[in-house]
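Fold and contact review
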Amino acid sequence: MSTYEKNYIADHVNELKPSGIRKFFDLASKMENVISLGVGEPDFVTPWNVIEASYHSLERGYTAYTANAGLWELRKELSVFLEANYQVAYNPEDQLLVTVGASQAIDLACRAILNPGDEVIVIEPSFVSYVPTIRLAGGVPVIVEATEEHAFKVQAEQIEKAITSKTKALLICSPNNPTGAVLSKEEMEQISEVAKAHDLIVFSDEIYADLIYDEAFTSFASIPGMIERTILISGFSKAFAMTGWRLGYAAGPKSIVEAMTKIHQYTIMCASTMAQHGALEALRNGKGSVLEMKTSYRQRRNYVVKALQEMGLSCHLPGGAFYVFPSIKSTGLDSEAFAEALLEDQRVAVVPGNVFGESGEGYIRCSYATSMKQLTEAMKRMRRFMEKLK
Amino acid sequence: MDEKEMELLRILEKNGRLDTETIASMIEVKEEEVKKMIEKLEQECAILGYSTLINWAKVLTHQGVTAMIEVKVTPTRGVGFDHVAERIYRFPEVKALYLMSGAYDLSITVEGQTMMEISRFVSDKLSTLESVVSTTTHFVLKKYKHDGVIFQDKDDDDKRMMVTP
């Protein structure tokens, strides 16, 4: 780089920290024979009927833009799906928006709602893009920590304490990435009381809704009095193993979805047409595949949690998603040192917990979205590593 | 059959070599319990055996031919198709036998060393059975998928990036 190179980058972008995930990606991808538990996406390939439906749409010449809010048939099917599965009723005319992944839906929600300086409460450990997305929209993230003591579930009182006159929204993700924690219906009700009392909008990231193992899923929007103040955000990536298709959606009050659609129409136009045709098939005939994948994830979760506990890492049983978040505090190492040493010594890649916020320090995220064959080998290597540390 | 047994069967159906300790932790029961369940399912003949799926095309010294034979038969009073079916499935070269709906009655999968061996089976043993009316033999040219498994190298090649959020 030339020393004279001028920095043309906007200040608020310069100020964003690069993601800690990147560093691990660089380290791990240079090595041979690595087993990665660092991947935040399903190991399954998209179900064949979905791929085939997308092919078929191309063959028939569906290669043009769709409506800004997404294919009408897809929105209609989504509204049926949401009502049948999560007991939430949305009008496909003006309360649903198909987006480029759930990530874009979060971005649109922030940009549609936030005035400069408005505060959004974020529960950490959290997905890495919440804080930057809020900042880029001019908002101010306010961090509340979900601790291991409460099985990584945020307590309603904690949220209440963080509220100021500038708080406009609350961002919740259950089942959670990276902890796998799932809020119970009662816990959601308690949080919803706080949201109602302080007139907050709730951004509810429900991308892992279908990957929940021990109880029925409750959508935040289904809690009485919440549908009018919740933006439900979800997508096809995790349940239908469609991460690369980049297809998500937002559902919410008409005025908010219309505002989001306005930004979407100017910046994106519409989500990919062929992906939308695939998603339509996923909603119509994908239930069997989702159940099969879910069974497999649940079995691997049980296996991994037990294996980690047996090697001396304390680890709560996560209720959903496909991550376990064991504590590595007993080793005396910090998250990054642990993850780096494990990678160097045993060629197992995990993600250090501090990447997901300061409260993730002392933990690592292990994804069990990988085959049993790989998982058993990874656990064997981790056991060896733990033996050496003793 | 209870839920855990069903789950156990589904797991074993995919991988008969998975050890009982691993299975136990996957379905959240004690290892002893898994052993007992397997024993019970074996006794009930729900589990009939454990075999290995081999792609023989990879074994260069192996020579073999597979054929699927459609057979029309006249069922016998009293025993229906079962009697003629037994006469056929007792032959060791018969690897699979199904009673079918539609244009023919029995579907037979036969394996032999050579085409000659299979044609001899059809002309000498199968066609000469009293109830057999006609046969149509189809030779298998290539196996793409068998018992749910795709016969392809590196099908489980991971296309994901090493670390993602």
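Keep in mind it's a predicted model, so treat the numbers as computed, not measured. Going along each chain's sequence as written, the residues are numbered from 1 onward. Labels are handed out in written order, letters beginning with A for the chains and numbers beginning with 1 for the ligands. Residues qualify for local features only when their pLDDT is at least 70, as the model is predicted, and side-chain atom pairs are given and counted only at 80 or more; totals for whole chains, interfaces and linings, by contrast, use all residues.

Description of the overall build of chain A
Quick reminder of the rule: Elements are defined by DSSP. Helices are runs of H or I of four residues or more, strands are runs of E of two residues or more, and each kind is numbered from the N terminus. Labels follow a simple rule on C-beta atoms placed from the backbone: if 20 or more others lie within 10 Å of a residue's own, it is buried; if 12 or fewer, it is exposed; otherwise it is partly exposed. For every residue pair, C-beta atoms are placed from the backbone, and the pair is scored as a contact if these atoms sit within 7 Å.
Counting its secondary structure elements, chain A contains 13 helices and 12 strands. Expressed along its principal axes, the backbone C-alpha trace of chain A runs to roughly 60 × 60 × 50 Å. Looking at chain A as a whole, 50% of its 390 residues are labelled buried. Of the contacts made within chain A by residues no fewer than 6 positions apart, 75% connect residues no fewer than 24 positions apart.

Focus on the overall build of chain B
To be explicit about the condition: Atoms counted for the radius of gyration: C-alpha only. Globule rule: 2.2 Å times residue count to the power 0.38.
Each helix and strand in chain B was counted, giving 5 helices and 6 strands. Written out in order from the N terminus, the α and β elements of chain B read α-α-α-β-α-β-β-α-β-β-β. Relative to its length of 165 residues, chain B is extended, with a C-alpha radius of gyration of 21 Å against a globular reference of 15 Å. By principal-axis analysis of the C-alpha atoms, chain B measures approximately 60 × 40 × 30 Å. In chain B, the share of contacts with a sequence separation of at least 24, taken over all contacts with a separation of at least 6, comes to 53%.

Quick word on the sheet that holds strand S4 (residues 132-139) of chain B
Residues and elements named next belong to chain B. Convention followed: A pair of strands is treated as paired once DSSP finds two or more bridges between them. Whenever a helix is involved, its axis is fitted only over the stretch in contact; in every case the axis is a line through C-alpha atoms, and angles between N-to-C directions fall within 0 to 180 degrees.
Overall, antiparallel pairing links the 4 strands, which are arranged S2-S3-S1-S4 in an open sheet. Only two strands of the sheet have a single partner each, and these edge strands are strand S2 (94-99) and S4. Sheet twist, expressed as the mean angle between neighbouring strand axes with direction ignored, is 20°. Pairing analysis gives 5 bridges linking S2 to strand S3 (residues 106-112), with the strands arranged antiparallel. Directly across from Ala96, in S3, lies its bridge partner Thr109.

Observations concerning the interface of chain A and chain B
Contact with chain A, which involves 24 residues of that partner, is made by 13 residues of chain B. Counting residues per element, the side of chain A that touches chain B draws most heavily on helix H2 (residues 20-29) of chain A, at 5 residues.

Re the confidence of the model for chain B
Our working definition: pLDDT expresses how confident the predictor is about each individual residue, on a scale running from 0 to 100.
Taken over all residues, the pLDDT of chain B has a mean of 94, while the share at 70 or more is 99%. Among the scores for the predicted complex, ipTM is 0.85 and pTM is 0.93.

As for the UniProt feature "domain: HTH asnC-type" (unreviewed entry) in chain B
Our working rule: UniProt positions are given in the numbering used here, feature names are shortened, and annotations may be inferred rather than shown by experiment.
UniProt records the feature "domain: HTH asnC-type" (unreviewed entry) for residues 1-66 of chain B in the present numbering. Overall, residues 1-66 of chain B shows 48% helix and 3% strand. The separation of its end C-alpha atoms is 36 Å.

Focus: the environment of Asn49 of chain A
Mapped onto the fold, Asn49 of chain A is located in helix H3 (residues 48-59). Look past the residues within four positions of Asn49 of chain A in its chain and what remains in contact with it is Glu281 and Asn285 of chain A.

Side note on the environment of Ile123 of chain A
All names here are of chain A. Tracing the backbone shows Ile123 in strand S3 (residues 119-124). Residue class for Ile123 comes out buried when judged on the 28 C-beta atoms lying within 10 Å of it. Distance in space between the C-alpha atoms of Ile123 and Gln158 is 9.9 Å, their sequence separation being 35 residues.

A word on the pairing of strand S12 (residues 364-367) of chain A
All names here are of chain A. Burial along S12 is two-sided: the residues Ile364 and Cys366 and Arg365 and Ser367 are all buried. Pairing of strand S9 (residues 323-324) with S12, which is carried by 2 bridges, proceeds in the antiparallel orientation. Residue pairing across strands places Tyr323 opposite Ser367, the latter belonging to S12. The pairing of strand S11 (residues 351-352) with S12 spans 2 bridges and is classified as antiparallel. Bridge assignment links Val351 to a residue of S12, and that residue is Arg365.

Side note on the sheet that holds S12 of chain A
Taken in spatial order, the 3 strands of this open sheet run S9-S12-S11 (chain A), and their pairing is antiparallel. Both outer strands of the open sheet, S9 and S11 of chain A, are each paired with one neighbouring strand and no more.

Notes on the domain arrangement of chain A
All names here are of chain A. In plain terms, the rule: Domain boundaries shown here were taken from an automatic or database domain assignment.
If you check the domain split of chain A, you get domain 1 (11-46 + 288-389) and domain 2 (48-285). Look at where the C-alpha atoms of domain 1 and domain 2 centre, and you get two points 25 Å apart. Between domain 1 and domain 2, the residue contacts involve 33 residues of the former and 36 residues of the latter. Elements represented by at least two residues in the side of domain 1 that touches domain 2 include exactly helix H11 (287-310) and S9.

Focus: the nonpolar core
Worth spelling out the cut-off: For this entry, the nonpolar core is defined as buried Ala, Val, Leu, Ile, Met, Phe, Trp, Tyr and Cys residues connected by C-beta atoms within 7 Å.
Ala109, Val202, Ala250 and Val304 of chain A are the most contacted members of the largest nonpolar core, which has 131 residues in total. When residues no more than four places from it in sequence are discounted, the contact partners of Ala250 of chain A are Leu97, Thr99, Ala105, Leu108, Ala109, Ile231, Leu232, Ile233, Val257 and Met260 of chain A. By size, the runner-up hydrophobic cluster in this structure holds 13 residues, among which are Leu106, Ile108, Phe121 and Val132 of chain B.

With respect to helix H5 (residues 101-113) of chain A
Residue and element names in this part refer to chain A. Quick reminder of the rule: Take the residue count of a helix, subtract one, and multiply by 1.5 Å to get its expected span.
If you check H5, its first and last C-alpha atoms are 19 Å apart, about what 13 residues at 1.5 Å a residue would give, namely 18 Å. The element H5 is extensively covered by neighbouring structure, given that 12 of its 13 residues are classed as buried. Among the residues making up H5, those that are buried are Gly101, Ala102, Ser103, Gln104, Ala105, Ile106, Asp107, Leu108, Ala109, Cys110, Arg111 and Ala112.

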